[in-house]
Structures are given as C-alpha cells and as structure tokens.
Amino acid sequence: MNNPKALAKKGWHLLRRARIRVLRRLGLLKGDWNAGLPKELQFWDWALANGGRNWDPGEWRNATNPNFELQAELKELIPAPAGAVVRVLDVGSGPLTRVGKKWPGREVQIVPADPLAEEYNTLLARHSIRPLVPAVFAHGEKLLDRFERNNFDLAYASNSLDHTYDPVVVIQQMLAVVKPSHYVYLWHVANEGLRERYVGLHQWNFDIRKGAFVVSDGRQTQSVTEALSGEAQISCEFQQAFGARIVVAKLRKLPA
C-alpha cells in the first residue's frame, strides 16, 4: 500500500517544479550571471574553511591527493601509450580540480580553467591551502583566447557548464581545443537549473530526450546532438551519483 505522506510529498515536489517551469517561461525567474558570483564565492569560502571539512570528504581527498589516479572513465577515452604526456583541460574547475593526477607510465598535465580563478586562488591563500595545480583564468566561451586549437588530449567539465552564460558555445570551444578524434567529457546533474529554481549561477538544464543530448534554459531547448553533428560524434547516458540523476555526454571530435 502506498504511503500517503510519501505520495503527498511527491505531489508537492511535482507541483513546485511545474510552478517553476511556468514562472521561468513567463520570464518571472530571470537569471543574472554576474549577480550569482558573490554567492558562489561565499559557498567556496565556507567549503574550504577548516581544512575543507565543510566540503564533501571524498571530493576533498581527490582534490588534495597528489597520487590520486586519473579516473578510469577518462583514461578509456585517451589513446596514450606508455611514456606519453597526457594534457587534460578541466573547464569550470572551481578552486581545486578533482581530475586525477597520476597514470602509471604516463605524465598527466592538468590545466584547470575557471573565470573565477583569481578569486579562488585568493580564497585558497586565505585558508592556507596550496592547490596541487592552480586554476588559470579563462571563460569557457572564450577558450580559444587562452589556448591553442588541437592542444589537449581531453577536455573535461563536471557540474560546471550549467553555471556558464552559453553552454553550447562552451562545448564548441572545448571541441576546438582538443585534438582531432579526441574527446570532450561532460558530467552534470540533470536539470540543475530547475532543481535550483534558477537561482544564482544555476541557469541551465542538461537532459537526454529521445536519445539526444539537450540543453535548456527553461524557456527554449536546444539539441546539442543536432547542433554539433558536423563537429562531433556524441553519445550520452544517465547515471546515478550523490542521490541524483546524472547526464554523462561524450563528444568525439571529428577529424578535419
């Protein structure tokens, strides 16, 4: 027999999401990227305090362990023979990249990039935290202003592109800076903008519809699979992590 309280709670959540969708479409929930920056910095100031005790313990360990191995799901996308130098771009890295730093028999070079890099590095210094790899300043929409084309073995973004002001442009820029036949790997909580009521930097939703990887701002939806069909071979799937539904997309850059 169904639990009445559980059914009532589920119904409330559905009504709340429906209300948010309507308000967004009517233009009554407007996002302001710049207005969301102070709240983002406040969160990280709190998360990094007291040696990172306020942050997720597993994330903190991965970010501060110099021997943390490059994740298996990333290694399988990189054709790197023994002795190779592997360059990974972490887009929207935050203050501390969580990409693994080691791969036996290979040299891993990580470049964390974030538009708040300078502010994050100031926060880290305030909390006496020395990052293994400091973030460098770069807007995801303007990666080619900072990096050369065909330069990286992998471009990676984890739960960061929903913070950008144009995620499709960011993905195009990520494709531009990876080598031909190499990958862009994206890992994002599904429909994060809706979940967060489009507050602060959370202005975009990532989803999979009819097998296509799509991005929406709550007003219009764009199929990334269709938009970038001439630039990349795209696969996507749902996963579960941290009690949430995750959208994982892998984009293989087509040879010129």
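Residues numbered from 1 in each chain as written. Predicted model: local features only at pLDDT ≥ 70, side-chain atom pairs only at ≥ 80, totals over all residues. Heavy atoms only, no water.

Peer 1: Outline the confidence of the model for the protein, listing residues and values.
Peer 2: In this model, the protein carries an average pLDDT of 88, and 87% of its residues clear a pLDDT of 70 or more. Throughout residues 7–26 the model reports pLDDT below 50, and contacts reaching past four residues in sequence, or to other chains, amount to 22 contacts. (pLDDT = per-residue confidence, 0-100. Contact = heavy atoms within 4.5 Å.)

Peer 1: Any details on the packing of aromatic side chains? Residues and values, ideally.
Peer 2: Applying the stated rule across the entire model yields nine aromatic pairs. Through a chain of ring-to-ring contacts, the aromatic side chains of Phe43, Trp44, Trp46, Trp55, Trp60 and Tyr120 assemble into a single cluster. When the ring centre of Phe238 is taken as reference, the NZ or CZ atom of Arg245 above it lies at 3.6 Å. (Phe/Tyr/Trp six-rings, centres within 6.5 Å; stacked < 30°, edge-to-face > 60°. Lys NZ or Arg CZ within 6 Å of the ring centre and 35° of its normal.)

Peer 1: So, helix α6 (residues 167–177): which residues are in play, and what are the values?
Peer 2: Most of α6 sits inside the fold, with nine of its eleven residues counted as buried. Taken residue by residue, α6 has Pro167, Val168, Val170, Ile171, Gln173, Met174, Leu175, Ala176 and Val177 as its buried positions. (Buried < 20%, exposed > 50% of the residue type's maximum accessible area, 1.4 Å probe, protein only. Helix = DSSP H or I, 4+ residues; strand = E, 2+ residues; numbered from the N terminus.)

Peer 1: Give a detailed account of empty space enclosed by the protein, specifying residues and quantitative values.
Peer 2: Scanning the entire structure with this criterion turns up one cavity of 30 Å³ or more. Taken as a whole, the largest cavity encloses approximately 40 Å³ of empty space. Around the largest cavity, the lining residues are Asp90, Val91, Gly92, Ser93, Arg98, Tyr156 and Ser158. Secondary-structure elements contributing two or more residues to the lining of the largest cavity are β1 (85–91) and β4 (152–158). For the lining of the largest cavity, the class distribution of residues is two nonpolar, three polar and two charged. (1 Å grid on protein atoms, 1.4 Å probe; cavity = no way out; pocket = protein on both sides within 12 Å on 5 of 7 lines; lining within 4 Å. Points joined across faces, edges and corners; volume = space filled by probe spheres on them. Nonpolar A, V, L, I, M, F, W, Y, C, P; charged D, E, K, R; others polar.)

Peer 1: Please give an account of the nonpolar core that cites residues and values.
Peer 2: If you look at the biggest cluster of nonpolar residues, it comprises 33 residues, and the most contacted ones within it are Leu89, Phe147, Leu161, Met174, Leu186, Phe213 and Leu251. Looking at this core, the element that brings in the most residues is α6, giving six residues. Each residue touching Leu251, except ones within four places of it in the same chain, is listed here: Ile171, Leu175, His182, Tyr183, Val184, Leu186, Leu228, Ala232, Gln233 and Ile234. Counting 20 residues, the second-largest nonpolar core is a separate cluster that includes Ile78, Ala84, Val108 and Val248. (Core = buried A, V, L, I, M, F, W, Y, C linked by side-chain atoms within 4.5 Å.)

Peer 1: An account of the sheet that holds strand β7 (residues 212–216) is requested, with residue identities and associated values reported.
Peer 2: Overall, antiparallel pairing links the three strands, which are arranged β6-β7-β8 in an open sheet. Two strands close off the open sheet at either side, each with one partner strand: β6 (205–209) and β8 (221–223). Across the sheet, the axes of successive neighbouring strands diverge by a mean angle of 30°, strand direction being ignored. Of the pairings in the sheet, the one linking β7 to β8 comprises three bridges and is antiparallel in character. In the sheet register, Val215 faces β8, and the bridge partner there is Gln222. (Pairing = 2+ DSSP bridges. Axes fitted to C-alpha atoms, helices over the stretch in contact; angles between N-to-C directions.)

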